[in-house]
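# Structural description and commentary
Next come the chains, spelled out residue by residue.
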Amino acid sequence: MKSFKRGIEGFKDIVNNGETEETISKLIDKINKSRLNAFITIRKEAIEDAKKIDKGEVERKGRLLGVPIAVKDNISTKGIETTCASKMLKGYIPPFDATIIEKLKREGGIIIGKTNMDEFAMGSTTETSFFGPTLNPWKNDRVPGGSSGGSAAAVAAGECMVALGTDTGGSVRCPSSFCGIIGIKPTYGLVSRYGLIAYASSIECIGSMATSIKDAETVLNIISGKDPKDSTSISLEDREKIINNHKTDKSKRKKRIGVLTTLFNDNSIDKDVLNSVWNAIYKLDDLGIEYKEIDLPNIRYALPSYYIISMSEASSNLARFDGTHYGFSLDEELNWDSTFSKIRKKGFGREVKRRVLMGTFALSAGYYGRYYLKALKIRSMIIDDFNNIFDKEKLDTIVTPTMPYKPFRLGEKIDDPVSMYLSDIFTVPVNLAGLPSLNITCGFSEGLPIGMQLIGKAFCEPDIIDIAKIYELNTNYQKKVWELF
Amino acid sequence: MHNDEKPRVFQSYPEIEDLPMHENPQPNEINPDSDVIIGLEIHVQLNKLKSKLFCGCSTSYHNSEPNTHTCPVCLGLPGSLPALNKKAVEFGIKVALALECKLLDQTLFYRKNYFYPDLPKGYQISQYDFPLAKDGRVTITTDAGEKVIRINRVHIEEDPAKLMHIGGMGHSKYTLVDYNRSGMPLLEIVTEPDLRSPKEARRFLDKLRSILDYLDVFDGNLEGAMRIDANISLKGGGRTEVKNISSHKGVEKALLYEKTRHKNLRMKNIHIKRETRHYDEQRGITILLRTKEEEEDYRYFPEPDIPLMNVKEWETRLRNEIPELPDAKRQRFIKEYGIKEEHARSLTSDIAIANYFEIISKEIDPSVAASWIADVVKGELNYRDINIKESNLTADKMIRILKKFVLGEITDRNMVELIREIIDSGKDPEEIIKKRGFGKVGEDEVLLLVKKVIEENPDAVKDYRNKNDKALNYLVGKVMALSKGRSDPKEVINLLRKYI
């Protein structure tokens, strides 16, 4: 799929030449032959959709006309099985589209399939999937990151043009980093969550993934905006007001980066990762974007706060999976309570059960104040920390490595949940604060990509996208992924 | 609460410091005058709203096939999200204001987590800390005069689905779930434990129902429109809760049963345990559902899918939409129409009757109208268990017959008969009067009858002349019988006196 290098813009030629069907069927073929296991469901009907475009049966408009899109399997797609990579939802076919799926379809996009993930998005490696792990396209013995590992691997390997992922504690950025692609996690509220099968409702966002910042931006712009079905979503007009408020604040000055160096001191952070990120900062400095070392005083409490809030919400969000009217069920006649517990025991994997149990505990009478309320307080403090530092230092973005390590080996961390949770140290605070952030490739080591994270002010995606574009234009790291196509 | 310069993404929570730790409620205040302490929780289905609480599904499912008023949201399908029906909040605020509650500055939804087959999401979206409103009051009339019942709180929540067992709970091998009810908007109204007898509980419910009718927020005649949980304890004893009672009478009976049960246990020196019970309406008894130890830990936490609401801003506008309520209307009726207090109370307890009275009073002397409507019409309606709108006795018909009554053309006794027949048959009053001969006998005719009776009953006449009053009654009775009740006894007496 060498033609995919030219991205969404280049795909217009394919459509204009009447080669959509041919391209899509080649793509399906490629996915079928792939070893990566990036997809749970491959949608063969995509070829029919493409044929309609070539035959002129579809109106020739839309910013994504014919573009093959991979969708993470926790986003509801009408008529297409949506499993969350869990035995619990095997066979569940949603009767409705997520709002963002409707938007992508309206722009002519073709859903090529549903991608693999950690079960219910709980994990950082895509190894907890009921359908087996996805392999990293750079080195097949490595994990692709997670939980949107299938989407990231598919984009990196050219098994789709763009993909949707979801990000609760880094699930778009982590696999984007491990697979060497762009992944944008928007501000909480910018993109409708209607149709996203909930894990941690107050934290998670749907994000876009692509091999160029421009394509990721295009998809993000399409899926953004107020949705009456999601009360936590915000209108583009309100977002514009927020952006303008910042502009009047400090016009005509140099762009400035904050470097969160207090988090860099940990010995467990891979030296190659740190070097690459510093080199990227120096490069940006050369390009006229100054940097300043900063600290966020409460950030060390981010991980425990995040895990308490996300697990608590998960324990409630996953309560609906009881086998009563969709998904996994039993062929036994038991009382309702025995049926529920047996179905949940057999339908959920280990990591899911672990998080549901811990969340249930954290919300229990007597513990609620000690854990959940305290976690909320920390969250408020972290939000304030970010707001204060952006304001005080007049920052456009805060930079960190996306992941503290290079992609690890399959099986390396799966039995050590605490170590696995710690790998989210750079991504999790951003989710707690609801801020936008993106991953861009900033180096390679041992043939594996290294990602840098740019964090922005709430609803100021353009700030971090602009800086990422400058970096992308002046370096070659991001383009390297096209070698995998 | 935050300025635009520093947008905060998460506004789902109030300032965290405000979030109270969950504490046990304070012990109930005990009135030494009474040994029975009752508090009620009333669930009111806001079925006059067009759509459900969190989705666009229609609320008028009562005559529909099961599972025909559903969508991904009220089925709790994965990925669906609640979108709050603002009108439901408005209805809730109106009720809260009518119950003289104080609105909270900010109101917040919570998830109440528990597993049950009628709960498609595994949690119910309800309220906990930061309900819609707190601290209200309702005045009721008891045998000892007026009494204020305090309202603890008013909050909004969603109704679960309905479970059905074909052939009865004990016999059916499976349970059917009808999601038509799932997501219906419910208002929960919680009283303080201020009620001191089952009768007071019923009086309170009648008054509440009347206020709700005035506000036009629900149709109480629909199945499941009002469901009540009643808490009862004897002074110093354990508390039991009787769940899910569907009628005011049922509440009174269930509480009477519980009161007796508590007293009997106390006499035997048996400790009353905190427990939840079910009222078996058919058998008139309560049955143990679960004990305190078996109670669920609901793991309440703020619902992340619904942002915090500042409802206080709506208060002035909604206060203006509240109509004149029963107490105010009663005062006005007394003042404006000069009718008796108990008539005013009776008329205003039902908004439809109050309006009916006002229409009729435009053409009929209000005291006459009040007396007939409050003393006769209401009784006949209650007896038939129908309301005035369902009856055939339109205001127009009532005006027509009252006019005849005032002119003396129909007797008291025949008026009652006439009202009954209009209600039952729906026929025109004039037709009934003619057919049944209800029209008053003319003066000439009465005179003829009086003369005839005097002639035919010489002995009685003689007795009367000997100052035997009973004889007069006997003669009056004879005249009445001959006129088939169509003459005025007073007039007959006058005529008899004159001609004997």
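In the nomenclature of an unreviewed UniProt entry, chain A is known as Glutamyl-tRNA(Gln) amidotransferase subunit A of Methanoliparum thermophilum. UniProt annotates chain A under Catalytic activity (unreviewed entry) with the comment "L-glutamyl-tRNA(Gln) + L-glutamine + ATP + H2O = L-glutaminyl-tRNA(Gln) + L-glutamate + ADP + phosphate + H(+)". Recorded in UniProt for chain A, the comment headed Sequence similarities (unreviewed entry) runs: "Belongs to the amidase family. GatA subfamily."

Our next topic: the side chain of B:Asp229. All names here are of chain B. Mapped onto the secondary structure, Asp-229 falls in strand β10 (residues 226-234). At 3.2 Å, the side chain of Asp-229 and the side chain of Lys-243 are in polar contact. The contacts of Asp-229, once residues within four sequence positions are left out, are Gly-39, Leu-40, Glu-41, His-43, Glu-241, Val-242, Lys-243 and Asn-244.

Counting 271 residues, the largest nonpolar core has A:Phe120, B:Leu40, B:Phe204 and B:Met398 as the members making the most contacts within it. The greatest single-element share of this core, amounting to eleven residues, is contributed by helix α13 (residues 368-392) of chain A. With residues up to four places along the chain from it excluded, the contact list for B:Met398 reads B:Tyr356, B:Ile360, B:Trp372, B:Ile373, B:Val377, B:Leu393 and B:Ile419. The next biggest cluster of nonpolar side chains, apart from the first, holds 19 residues, and it includes B:Val441, B:Tyr464, B:Leu472 and B:Ile500.

Turning our attention to the packing of aromatic side chains. According to the stated counting rule, one finds 36 aromatic pairs over all chains in the structure shown. Ring centres of A:Phe4 and A:Phe485 lie 6.5 Å apart, and the angle between their planes is 90°; on these two criteria the pair is classed as edge-to-face. In this pair, A:Phe4 is assigned in the segment before α1 (7-16) and A:Phe485 in the segment after α16 (461-474), connecting sequence segments 481 residues apart. Given a relative accessible area of 10%, A:Phe485 falls into the buried group. Taking 5.3 Å as the distance between ring centres and 80° as the angle between the ring planes, the aromatic pair formed by A:Phe130 and A:Phe131 counts as edge-to-face. Members of the aromatic cluster, each reached through a chain of ring pairs, are A:Tyr92, A:Phe120, A:Phe321, A:Tyr326 and A:Phe348. Directly above the ring of A:Phe408 sits A:Lys413, whose terminal nitrogen or CZ lies 5.3 Å from the centroid. Directly above the ring of B:Tyr298 sits B:Lys112, whose terminal nitrogen or CZ lies 4.4 Å from the centroid.

Attention now goes to the interface of chain A and chain B. Taken together, the 60 residues of chain A in the interface contact 45 residues of chain B. Buried surface at the junction of chain A and chain B, summed over both partners, amounts to about 4400 Å²; 62% is from carbon and sulfur atoms. Area buried by chain A at its contact with chain B is led by A:Arg320, A:Trp336 and A:Tyr368, which between them contribute 14% of it. Linking chain A with chain B are one salt bridge. Between A:Arg193 and B:Asp305 there is a salt bridge; the shortest N-O distance is 3.0 Å. When residues of the side of chain A that touches chain B are traced back to their parent elements, those giving at least two are α8 (236-249), α10 (302-317), α11 (336-347), α12 (350-363), α13 and α15 (428-433) of chain A.

What counts and how
- Residues numbered from 1 in each chain as written.
- Chains lettered and ligands numbered in written order.
- Predicted model: local features only at pLDDT ≥ 70, side-chain atom pairs only at ≥ 80, totals over all residues.
- Heavy atoms only, no water.
- UniProt positions renumbered as here; feature names shortened; annotations may be inferred.
- Helix = DSSP H or I, 4+ residues; strand = E, 2+ residues; numbered from the N terminus.
- Polar contact = N/O pair within 3.5 Å; in protein donor to acceptor, adjacent residues only side chain to side chain.
- Contact = heavy atoms within 4.5 Å.
- Core = buried A, V, L, I, M, F, W, Y, C linked by side-chain atoms within 4.5 Å.
- Buried < 20%, exposed > 50% of the residue type's maximum accessible area, 1.4 Å probe, protein only.
- Phe/Tyr/Trp six-rings, centres within 6.5 Å; stacked < 30°, edge-to-face > 60°.
- Lys NZ or Arg CZ within 6 Å of the ring centre and 35° of its normal.
- Buried area = accessible area lost by both parts, 1.4 Å probe.
- Salt bridge = Lys/Arg side-chain N within 4 Å of Asp/Glu carboxyl O.

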